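Structural overview for review
Residues per chain, in single letters:
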Amino acid sequence: MTTSDTAPFTPHWLALREDADAAARAADLLGPLREHLAGASGGGPLVVRDLGCGTGSMGRWLSGSLPGPQHWILHDHDPALLTLAAASLTALTAGGGPVTAETREGDLTRLTAADLAGTSLVTASALLDLLTADETDALAATCTAAGVPVLFGLSVVGEVELGPADPLDADITAAFNAHQRRSAGGRALLGPDALDVAARAFTRHGATVTTRPSPWRLGADDSALTAEWLRGWVGAAVEQDPGLAAPAQAYLRRRLADCAAGRLTAVVGHGDLLALPGGGAR
């Protein structure tokens, strides 16, 4: 599996969403993570694997909250994104120490416990909803077998609240969620079910799991992101349900007009997951 099977993660889109992502991330998960990493430290640099790293936004957000020095191993299918991510991370410092990076191009679902030897943390953003149940279970098994903690952020959960409300909101949301759960290349994507499926998988394999909501909260200052998100959201809904094409076209015009005028607010549901070696969930 590669993320190219499911979505065009362009540098433009990733840059648009980075501030909203940073504001949404469940920062209260960092305390337990830091405590675990401090207890497991072997004295060398923290080794972090970022799965589906994109341009490196997770590293830019997370590296300053963890002790240094750090070495990031960046996984993605797109070599151009890997180049951007590595360049941005190596310009950072963390905990008074340097941040170094290396890149790995290819299929991140094929990672084994042996591959994770020496890894301090596995992390990812907006990844779980692009996986299947079997891929998620395999990833949970791999990470827990290796004894590596996991921090996964910003998985879609299928909840959208727009203001002011529109009669077509529910239909567009339902069609988009069905699109997220579609079969792509013979793979049944988890979409908005991903966070719950992942939490159960990590728990089943012996991890202590904590989940937190991490919604985007978009207003007048986020109009560029909101407009781009609306186009993609409505477009995916129509792709899933072509019968929505005519009403959705008018709906999108109304919503974009509201967005341009600063009248539109959006709460787009996501969730974060922390899985630490040890049993239980909360």
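Residues numbered from 1 in each chain as written. Predicted model: local features only at pLDDT ≥ 70, side-chain atom pairs only at ≥ 80, totals over all residues. Heavy atoms only, no water.

1. Structural notes on the overall build of the protein
This is how the line gets drawn: Strands are runs of DSSP state E lasting at least 2 residues, helices are runs of H or I lasting at least 4, and numbering of each runs from the N terminus. Taken over C-alpha atoms, the radius of gyration is set against a globule rule of 2.2 Å times the number of residues to the power 0.38. For every residue, the accessible area obtained with a 1.4 Å probe (protein chains only) is divided by the maximum for its type, and the residue is called buried under 20%, exposed over 50%, and partly exposed between those limits. Throughout, a residue-residue contact means that at least one pair of heavy atoms, one from each residue, lies within 4.5 Å. Exposure was quantified through the Shrake-Rupley algorithm and a 1.4 Å probe, taking into account, for residues, occlusion by the shown protein chains and nothing else.
On a plain count of helices and strands, the protein comes out with nine helices and eleven strands. Its C-alpha atoms give the protein a radius of gyration of 19 Å, within 12% of the compact-globule value 19 Å for 282 residues. The principal-axis extent of the C-alpha atoms belonging to the protein is close to 60 × 35 × 35 Å. Counting all 282 residues of the protein, 51% fall into the buried class. Once local pairs closer than 6 in sequence are excluded, the contacts in the protein between residues at least 24 apart make up 83%. Of the accessible surface of the protein, which amounts to about 11,700 Å², a share of 54% is contributed by carbon and sulfur atoms.

2. Some words on empty space enclosed by the protein
Gaps between atoms show up when a probe of the same size as a water molecule is rolled over them. What counts, and what does not: The rule is simple: put a 1 Å grid over the protein atoms alone, call a set of points where a 1.4 Å probe fits but cannot get out a cavity, call an open set with protein on both sides within 12 Å along at least five of seven lines a pocket, and count a residue as lining if it has an atom within 4 Å of a point. Grid points are joined across faces, edges and corners, and a volume is the space filled by probe spheres set on the points. Residues are sorted three ways: Asp, Glu, Lys and Arg are charged, Ala, Val, Leu, Ile, Met, Phe, Trp, Tyr, Cys and Pro are nonpolar, and all the rest, Gly among them, are polar.
Scanning all chains against the criterion turns up two cavities of 30 Å³ or more. If you add up the space inside the largest cavity, you get close to 250 Å³. Looking at the lining of the largest cavity, the elements that each hand over two or more residues are α1 (11-24), β1 (46-51), α3 (57-62) and β5 (121-125). In terms of residue count, the dominant contributor to the lining of the largest cavity is α1 (four residues). Tallied by class, residues from the lining of the largest cavity come to ten nonpolar, seven polar and six charged.

3. A word on the packing of aromatic side chains
Our working rule: Two rings from Phe, Tyr or Trp (for Trp, the six-membered ring) form a pair when their centres are within 6.5 Å of each other. A pair whose planes differ by under 30 degrees is stacked, one over 60 is edge-to-face, and the rest are tilted.
Enumeration according to the criterion identifies four aromatic pairs in this entry. A ring pair is formed by W229 and W233, whose centres lie 4.8 Å apart and whose planes are at 20°; its orientation type is stacked. Linking W229 with W233, this pair stays in helix α8 (residues 223-240), spanning four residues, or about one helical turn. A residue is classified by how much of its surface remains accessible, and W233, at 2% relative accessible area, is buried. Connected via pairs of aromatic rings, a cluster forms that spans W229, W233 and Y251.

4. Points about the packing of helix α5 (residues 133-145) against helix α7 (residues 194-204)
When two helices pack together, their arrangement is captured by the angle between the axes and the distance separating the axes. Heads up, the rule is: To obtain each axis, a line is fitted to C-alpha atoms, and for helices this fit is confined to the stretch in contact; angles are then taken between N-to-C directions over 0 to 180 degrees. Here the word oblique covers every angle except those under 35 degrees (roughly parallel), over 145 (roughly antiparallel) and from 65 to 115 (roughly perpendicular). It is the rotation of the near helix from the far one that decides the hand of a crossing: anticlockwise by less than a right angle makes it left-handed, clockwise makes it right-handed.
α7 packs onto α5 with a crossing angle of 40° between their chain directions and a minimal axis gap of 9 Å. Our classification of the angle between α5 and α7 gives oblique. Considering how the two elements wind past one another, α5 and α7 form a crossing that is right-handed. Contacts between α5 and α7 involve A133, T136, D137, A140, C143 and T144 from the former and V197, A198, A201, F202 and R204 from the latter.

5. A look at the confidence of the model for the protein
Operational definition: pLDDT: the predictor's confidence for each residue, scored from 0 to 100.
Here the protein averages 92 in pLDDT, while 94% of its residues score no lower than 70. Across residues 1-7, confidence stays below pLDDT 50; counting only partners more than four residues off in sequence or on other chains, it has 20 contacts.

6. Focus: the nonpolar core
Here is the rule: The term nonpolar core refers to a set of buried residues drawn from Ala, Val, Leu, Ile, Met, Phe, Trp, Tyr and Cys, joined through side-chain atoms within 4.5 Å.
W13, I172, W216, W229, W233, V234 and Y251 are the most contacted members of the largest nonpolar core, which totals 31 residues. Mapped onto this core, the elements with two or more residues apiece are α1, β6 (150-163), α6 (169-180), β10 (216-218), α8, α9 (245-260) and β11 (265-277). With eight residues, the single largest contributor to this core is α8. Discounting chain neighbours no more than four positions away, the residues touching I172 are W233, V234, A237, L244, A248 and Y251. Counting residues in each nonpolar core, the second largest holds 27 residues, with L131, V150, F152 and L190 among its members.

7. With respect to the environment of R181
Convention followed: Pairs of N or O atoms within 3.5 Å make up the polar contacts considered here, provided that, within protein, one atom can donate a hydrogen while the other can accept it, and that residues adjacent in sequence are counted only when both atoms are side-chain atoms.
Tracing the sequence through the fold places R181 in the loop between α6 and β7 (183-184). With sequence-adjacent residues up to four places away left out, R181 is seen in contact with L189, L190, P192 and D193. Of note is the side chain of R181, whose polar atom sits 2.7 Å from the side chain of D193.

8. Quick notes on helix α4 (residues 79-89)
The condition is simple: Each direction from the helix axis to a C-beta atom contributes to the arc, which is the arc of those directions.
Inspection of α4 places L81, L82, A85, A86, S88 and L89 among the buried residues, and these make up the whole buried set. The buried residues of α4 occupy an angular sector of 165° when the element is viewed end-on, so they sit on one face. Among the structural elements, α1, α3, β2 (70-76) and β4 (97-105) are those in contact with the buried residues of α4. A distance of 2.9 Å separates the backbone nitrogen of A80 from a side-chain oxygen at the start of α4, and that oxygen is part of D78.

9. Remarks on the packing of α1 against α8
Relative to each other, α1 and α8 sit at 125°, their axes nearing to 9 Å. Relative to α8, the element α1 lies oblique. In this structure, α1 crosses over α8, and the sense of that crossing is left-handed. Contacts from H12, W13, L16, R17 and A20 in α1 reach A224, L225, E228 and W229 in α8. Split by residue class, the contact of α1 with α8 holds six nonpolar, one polar and two charged.

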